[in-house]
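Spelled out, the chains give:
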Amino acid sequence: MTFAHIGIKVTNLAESLKFYTELLGCTVIKDETHPASRLVFLSAHGTTIELIYKEENTERSMGPIEHIAFKV
């Protein structure tokens, strides 16, 4: 089993991309547009972060982490 990525639900994709790329130095490795969502995968110096944007996303009371994925 290996670590795959961390999925983070975001409410403002432009601001989130700016934060992760400009402030944290992450790079975009994949950008997928789907009918109901947009998924942007970032390389965070060896860790993959998936930003999950949907128009209906709201702030989560338990935090922004949507999921942690493992390859088995």
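Residues numbered from 1 in each chain as written. Predicted model: local features only at pLDDT ≥ 70, side-chain atom pairs only at ≥ 80, totals over all residues. Heavy atoms only, no water.

Asker: Could you give me a rundown of the pattern of salt bridges, with the residues and numbers involved?
Answerer: Across all of its chains, the model carries two salt bridges by this definition. Taking the shortest distance from any N to any O, the salt bridge between Lys 30 and Glu 32 comes out at 3.5 Å. You can call Lys 30 partly exposed: its relative accessible area is 41%. Take Glu 32: its relative accessible area is 23%, and that puts it in the partly exposed class. Where Arg 38 meets Asp 31, a salt bridge forms, and the shortest distance between an N and an O atom there is 2.6 Å. (Salt bridge = Lys/Arg side-chain N within 4 Å of Asp/Glu carboxyl O. Buried < 20%, exposed > 50% of the residue type's maximum accessible area, 1.4 Å probe, protein only.)

Asker: Give me the lowdown on the sheet that holds strand β1 (residues 2–10), citing residues and values where you can.
Answerer: Taken in spatial order, the five strands line up as β2-β3-β4-β1-β5 in an open sheet, and their pairing is mixed. Two strands in the sheet have a free side with no partner beyond their single neighbour: β2 (27–33) and β5 (65–71). Strand after strand, the sheet turns through a mean of 20° between neighbouring axes, direction not considered. By the bridge criterion, six bridges tie β1 to β5 in an arrangement that is antiparallel. Residue pairing in the sheet places Ile 8 in a bridge with Ile 65 of β5. With respect to the sheet, helix α1 (residues 13–23) is in contact with β1, β2, β3 (38–44) and β4 (47–53), its orientation differing from that of β3 by roughly 10°. (Pairing = 2+ DSSP bridges. Helix = DSSP H or I, 4+ residues; strand = E, 2+ residues; numbered from the N terminus. Axes fitted to C-alpha atoms, helices over the stretch in contact; angles between N-to-C directions. Contact = heavy atoms within 4.5 Å.)

Asker: So what's going on with the layout of surface pockets? Residues and values would help.
Answerer: Summary: where empty space remains is shown by rolling a probe the size of a single water molecule over the atoms. Looking at the largest pocket, its volume works out to about 170 Å³. Lys 9, Val 10, Thr 11, Glu 59 and Pro 64 are the residues nearest the centre of the largest pocket, which is lined by 13 residues in total. Of all the secondary structure elements, the ones that give two or more residues to the lining of the largest pocket are β1 and α1. It is α1 that contributes the most residues to the lining of the largest pocket, four residues altogether. Of the residues contributing to the lining of the largest pocket, the split by class is five nonpolar, four polar and four charged. (1 Å grid on protein atoms, 1.4 Å probe; cavity = no way out; pocket = protein on both sides within 12 Å on 5 of 7 lines; lining within 4 Å. Points joined across faces, edges and corners; volume = space filled by probe spheres on them. Nonpolar A, V, L, I, M, F, W, Y, C, P; charged D, E, K, R; others polar.)

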